[in-house]
Amino acid sequence: MGKPVEIKPGVYWVGVNDYETKLFESLWSLPHGVSYNSYLILGEKKVLVDTVKAEYADELIENINSVIDVKELDYVIVNHLEPDHSGSLPEIVKNAPNVKIMGTSRAIDMVKSFFHLDQETISVRDGSTLDIGGKTLRFIEAPWLHWPETMFTYLVEDKILFPCDAFGSFGALSNKIFDDEVDLELFFSESKRYFATIVSKYSKFVLRAIEKVKNLGIDIEIIAPSHGPVYRKNPIKIVELFERWSRNAPEKRVVIVYGSMYGNTKKIAEVLEENINSEGIDTAVYNISYSDISFILSDLLNAPAVIFGCPTYDGNIFPPIRHLVNLLEIKRLQRKIIGLFGTYAWGEMHCHN
Ligand code: FEO
């Protein structure tokens, strides 16, 4: 369980850590858990930025209650409607009957469709602000990060950007929430895996949002995403990483992914690995049947070349390789040099897709 942490005077992390969910989106493994970060901002009005997954609503409310009485909430800002951030909205509304729900017009439509609440809602326009008495929130539309309704919220006086999924990471926070307190190497690696599995399809929208924020000329001291660490020491670093991953900037690495039922295709993979390494090029080698596909996708991100070792199976492509190729298409991780190998012991059979 996470305890509230004051980020700046009157601004609190009130999120939760999830060590129970084994697969994010029922797809991607969470060996280090995941956090759902929610933030409480106290001006004369009291504001909650994003909520948490429904199962953790009680913990969120307990966290809020340890700072203020949840009944005092005036606004809840919905940066993103995916249920890992909006799932506790009904409980928040139940406990804070006067709270108003704010989001982009698309977000508000989705709130009504998801939750059928009678609560007052307010659609915000791109660039509009909300004066909460002593603090000002500015709303920046940033669609498709990672659904169509998404926006960033910027807290003007404290120079904090709340970008929800953008600049996020897998990995729970275990009561240490800042980039200068956590194992940053682990979080950057988890962030890359998060990017490959959740965000990569929307790379052009990441670049568009970064450009938009740069052009606004706003000063950002802290980036407070809704998953993973709060970046206060070096917030630009995570932006640079997201930019690099989005641009598909090539890294000097070849990924070899193979399936092997009786060890023959594996032998070829080993020879390939040795030969590529002898050229001074790194390899990442995966036996697909025994590998976590989210780690394969993470290694494939920014790798300029991938070589598939693909046994014939029932006269077709080895099914796990087909699944990976399908994911590469869905996640738009396709711009790569492709190599294929196999033993072809059944006769000539080419992998293609
Ligand atoms: Fe973390 Fe797209 O939700």
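Positions within a chain are numbered from 1, following the residues in the order the chain's sequence is written. The predicted origin of the model limits local features to residues at a pLDDT of at least 70 and limits the giving and counting of side-chain atom pairs to 80 or more, whereas totals for whole chains, interfaces and linings rest on all residues. With hydrogens and water stripped out, all remaining heavy atoms of the structure feed into the side-chain values.

Asks: Is there a simple way to explain helix H7 (residues 235–246) in this structure?
Replies: The α-helix winds at 3.6 residues per turn, so residues separated by three or four positions along the chain end up facing the same way. Secondary structure elements are defined from DSSP: runs of H or I of at least 4 residues count as helices, runs of E of at least 2 residues count as strands, and each element is numbered from the N terminus. Expected helix span is given by 1.5 Å per residue-to-residue step, counting one fewer step than there are residues. In this model H7 runs 17 Å from its N-terminal to its C-terminal C-alpha over twelve residues, within 8% of the 16 Å that 1.5 Å per residue would give. Taken together, the buried positions of H7 are occupied by Pro235, Ile238, Val239, Leu241, Phe242, Glu243, Trp245 and Ser246. The elements touched by buried residues of H7 are helix H5 (184–199), helix H6 (203–216) and strand S16 (222–223). Just beyond H7, the residue with positive phi is Asn248, at close to 60°. Only protein chains enter the area calculation, which uses a 1.4 Å probe; residues under 20% of their type maximum are buried, those over 50% are exposed, and those in between are partly exposed. Throughout, a contact is declared for two residues whenever any of their heavy atoms are within 4.5 Å.

Asks: I tried to follow unusual backbone geometry on my own but got confused; where do I start?
Replies: Of all residues except glycine, most have a negative phi; of all peptide bonds, most are trans. Residue Leu145 is joined to His146 through a cis peptide bond whose omega torsion reads 15°. Positionally, His146 belongs in the loop between strand S13 (136–141) and strand S14 (151–155). A positive phi angle, near 50°, is found at Asp314, a position not held by glycine. The topology assignment puts Asp314 in the loop between strand S20 (312–313) and strand S21 (316–317).

Asks: Help me understand the environment of Arg253, please; the structure alone is not making it clear to me.
Replies: Inspection of the secondary structure puts Arg253 in strand S17 (residues 253–258). Along the primary structure Arg253 and Val271 are separated by 18 residues, whereas in three dimensions their C-alpha atoms are 16 Å apart. In this structure, Arg253 is in contact with Lys192, Ile281, Asp282, Ala284, Ser298, Asp299, Leu301, Asn302, Ala303, Pro304 and Ala305, ignoring residues within four places of it in sequence. Here Asp299 takes part through its backbone oxygen, which lies 2.7 Å from a polar atom of the side chain of Arg253. Any N or O atom pair separated by 3.5 Å or less is treated as a polar contact, with the protein-specific requirement of one donor-capable and one acceptor-capable atom, and with residues adjacent in sequence counted only for side-chain atom pairs.

Asks: Would you mind going over the domain arrangement of the chain with me for this structure?
Replies: Many analyses report the size of an interface as the accessible area lost when the parts associate. The start and end points of each domain follow an automatic or database-based domain assignment. When cut into domains, the chain gives domain 1 (5–246) and domain 2 (253–341). Relative placement of domain 1 and domain 2: their C-alpha centres are 35 Å apart. Taken together, the contact pairs 13 residues of domain 1 with 14 residues of domain 2. Counting the surface lost from both domain 1 and domain 2, the interface buries some 1200 Å², and carbon and sulfur atoms represent 59% of this. Two parts placed together each lose some accessible area; with a 1.4 Å probe, that loss summed over both constitutes the buried area. Together, Trp28, Lys192 and Lys201 form the three largest contributors to the area buried by domain 1 at its contact with domain 2, with a combined 40%. Here domain 1 is connected to domain 2 by five residue pairs in polar contact (both at pLDDT 80 or more). For the side of domain 1 that touches domain 2, the element with the most residues is H5, which contributes six residues.

Asks: Which parts of the structure should I look at to understand the packing of H6 against H7?
Replies: Describing two packed helices takes the angle between their axes plus the distance from one axis to the other. What counts as an axis is a line fitted to C-alpha atoms, over the stretch in contact for a helix, and the angles between N-to-C directions run from 0 to 180 degrees. Contact geometry for H6 and H7: axes closest at 9 Å, N-to-C directions at 140°. As summarised for this structure, H6 and H7 are arranged oblique, according to the angle between their axes. The handedness of the crossing between H6 and H7 is left-handed. Across from Ser203, Val206, Leu207, Ile210 and Lys214 in H6, the residues of H7 making contact are Val239, Phe242, Glu243 and Ser246. Amino acid classes used here: Ala, Val, Leu, Ile, Met, Phe, Trp, Tyr, Cys and Pro are nonpolar; Asp, Glu, Lys and Arg are charged; the rest, including Gly, are polar. For the contact of H6 with H7, the class distribution of residues is five nonpolar, two polar and two charged. Under this scheme an angle from 65 to 115 degrees is roughly perpendicular, one under 35 degrees roughly parallel, and one over 145 degrees roughly antiparallel; angles in between are oblique. Two helices crossing with the near one rotated counterclockwise from the far one by less than a right angle form a left-handed crossing, whereas a clockwise rotation gives a right-handed crossing.

Asks: Where do I start with a positive patch on the surface in this structure?
Replies: A cluster of basic side chains, namely Lys201, Lys204, Arg208 and Arg332, defines a positive patch on the protein surface. Note on placement: Arg208 falls in helix H6. Patch construction takes residues with relative accessible area above 30% that form no salt bridge. Like charges are linked within 9 Å, and nonpolar side chains (Val, Leu, Ile, Met, Phe, Trp, Tyr) are linked within 5 Å. Areas reported as accessible are Shrake-Rupley estimates using a 1.4 Å probe. Residue values count occlusion only from the protein chains shown. Note on definitions: salt bridges are taken to be side-chain nitrogens of Lys or Arg within 4 Å of carboxyl oxygens of Asp or Glu. Charge counting follows a simple rule: Lys and Arg are positive, Asp and Glu are negative, and His as well as the terminal groups are ignored. The atom standing in for a charge is NZ when the residue is Lys, CZ when it is Arg, CG when it is Asp and CD when it is Glu.

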